[in-house]
Amino acid sequence: MSPPCHTSALLLVFMALAAAGAEQSEERSCDVIGDESSESQMERALLKKLEPLSHMRFNVTVEKGKTENYIYHFRVCREVNSTSHDFGGLVQTNRENGKTTVIGRINETQVFNGSDWIMLIYKGGDSYGSHCSGEKRRAVIMISCKRGVTASSFSIISEEREKEQECFYLFEMDSSVACPAENSHLSVGSILLITFVSLIAVYIIGGFLYQRLVVGAKGMEQIPHFAFWQDLGNLVADGCDFVCRSKPRNAPAAYRGVGDDQLGEESEERDDHLLPM
């Protein structure tokens, strides 16, 4: 084989390996039950809301005597073991013999929510043996709102397997992704007031810096539009005088003072007779 052909073959092999590696590294995500066209906007929005939890792994150990000793592995909309390609989103491992059982698969997902919780359901798990008429297992994960916590407290609540049908495993966990959006407590008036005060602060500080650094003003003249604010009091007083006065300015006074010409002359009579002799 000539050197150019040898190089081309190596490139083709390298590209094939890279494509295979990329395909393996791309993890499958939740597929809601039904056709893609039948998926509701709400289900798509909830799956997107759960996306921050997809890179996390959760485990819980259950030990009941010598008969039940299991570890449950859970991932949100991802396969627990992507190399096995079994779509297992929640898997049970027997600690005694290492046997694994898929409780629920991400390619048969249901999701719905309430005001402060999201319920994720994986169906299509491995079939029961002698329980529940041999139907397929399913896992129900209740995600409750807890602000400030990405995810915590993953645990198993119960396994309902004594019925003839509709058996399930129930799990719960806390996460802030299930919390509703916090509404702003500020009223429209408060927002307008904050905006007004902010604009006033920008005006005063910006004008002061401009007057001091650009114009070179000193003292009180550093206040922006100082002449206007200086005359503002007089303008307000004139406006009040014009609006509030009920009589014309040249109207005579309602009363007249007593002039000196109206006072009688002081009596020259003295009380000399009251003086002691």
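The structure presented is a predicted model; accordingly, all values stated were derived computationally and were not measured.

What counts and how
- Residues numbered from 1 in each chain as written.
- Predicted model: local features only at pLDDT ≥ 70, side-chain atom pairs only at ≥ 80, totals over all residues.
- Heavy atoms only, no water.
- Helix = DSSP H or I, 4+ residues; strand = E, 2+ residues; numbered from the N terminus.
- Contact = heavy atoms within 4.5 Å.
- Areas by Shrake-Rupley, 256 points an atom, 1.4 Å probe, with all protein chains shown as cover.
- Pairing = 2+ DSSP bridges.
- Axes fitted to C-alpha atoms, helices over the stretch in contact; angles between N-to-C directions.
- 1 Å grid on protein atoms, 1.4 Å probe; cavity = no way out; pocket = protein on both sides within 12 Å on 5 of 7 lines; lining within 4 Å.
- Points joined across faces, edges and corners; volume = space filled by probe spheres on them.
- Nonpolar A, V, L, I, M, F, W, Y, C, P; charged D, E, K, R; others polar.
- pLDDT = per-residue confidence, 0-100.
- Disulfide = S-S within 2.5 Å.
- Buried < 20%, exposed > 50% of the residue type's maximum accessible area, 1.4 Å probe, protein only.
- Salt bridge = Lys/Arg side-chain N within 4 Å of Asp/Glu carboxyl O.

**Let's talk about the overall build of the protein chain**
From N to C terminus, the protein chain includes four helices and eight strands. Order of helices (α) and strands (β) in the protein chain, N terminus to C terminus: α-α-β-β-β-β-β-β-β-β-α-α. Summarising the internal contacts of the protein chain: among those between residues at least 6 apart in sequence, 49% fall at separations of at least 24. Roughly 19900 Å² of accessible area belongs to the protein chain as shown, and the carbon and sulfur atoms make up 56% of that amount.

**Section: the sheet that holds strand β4 (residues 100-113)**
Here we have eight strands laid out as an open sheet, ordered β1-β2-β3-β4-β5-β6-β8-β7, and mixed in their pairing. Of all the strands in the sheet, the pair left with one neighbour each is β1 (57-64) and β7 (152-160). Each strand of the sheet is rotated relative to its neighbour by a mean of 25 degrees, with strand direction disregarded. Pairing of strand β5 (residues 117-124) with strand β6 (residues 139-145), which is carried by six bridges, proceeds in the antiparallel orientation. Bridging across to β6, W117 finds its partner in S144. Each of β4 and β5 is contacted by helix α2 (residues 41-49), which is oriented at about 120 degrees to β4, the strand it contacts most.

**Quick word on unusual backbone geometry**
Of note in this structure, F87 is not a glycine but carries a positive phi near 60 degrees. Of note, F87 is situated in the loop between β2 (68-75) and β3 (88-94). Although it is not a glycine, S133 sits at a positive phi angle of roughly 60 degrees. Relative to the helices and strands, S133 is located in the loop between β5 and β6.

**Let's talk about the layout of surface pockets**
Computed from the structure, the largest pocket encloses a volume of approximately 240 Å³. In this structure, the largest pocket is lined by 14 residues; those nearest its centre are Y70, Q92, T101, R137 and R161. When residues of the lining of the largest pocket are traced back to their parent elements, those giving at least two are β2 and β3. By residue number, the principal contributor to the lining of the largest pocket is β3, which donates three residues. Among the residues making up the lining of the largest pocket, the classes are represented as three nonpolar, six polar and five charged. Of the pockets and cavities examined, the second largest pocket occupies roughly 150 Å³.

**Overview of the confidence of the model for the protein chain**
Should the pLDDT be low somewhere, the predicted coordinates at that spot are not to be read in detail. Looking at the protein chain, pLDDT values average 81 and 77% of them are 70 or higher. This model gives residues 18-24 a pLDDT under 50, and the stretch forms zero contacts once residues within four places in sequence are excluded.

**Some words on the state of the cysteines**
Per the stated rule, a full pass over the model turns up three disulfides. One disulfide in the model links C30 with C77; its S-S distance is 2.1 Å. Between C30 and C77 the disulfide shows an S-S torsion of about -100 degrees. By sign, it is left-handed. Placement of the pair is C30 in the loop between α1 (3-25) and α2 and C77 in the loop between β2 and β3, with a sequence separation of 47 residues. As far as burial versus exposure is concerned, C30 and C77 are alike and both buried.

**Some remarks on the pattern of salt bridges**
All chains considered together, the criterion is met by six salt bridges. Of the charged contacts, one joins E79 and R28 as a salt bridge, the two residues approaching to 3.2 Å between their closest N and O atoms. Of this pair, E79 sits in the loop between β2 and β3 while R28 sits in the loop between α1 and α2, placing them 51 residues apart in sequence. Residue E79 is classed as buried on the basis of its relative accessible area, which comes to 3%. R28 gets classed as partly exposed once you look at its relative accessible area, which sits at 32%. Across the pair E51 and R78 runs a salt bridge whose closest N-O atoms are separated by 2.7 Å. Of this pair, E51 sits in the loop between α2 and β1 while R78 sits in the loop between β2 and β3; the two residues are 27 residues apart in sequence, bridging distant segments of the chain.

**A word on the pairing of β2**
By the criterion of burial, β2 is predominantly enclosed, with six of the eight residues buried. With eight bridges connecting them, β1 and β2 associate as antiparallel partners. Note on β2: the bridge partner recorded for E63 is N69. Pairing of β2 with β3, which is carried by five bridges, proceeds in the antiparallel orientation. The partner of Y70 across the bridge, within β3, is N94.

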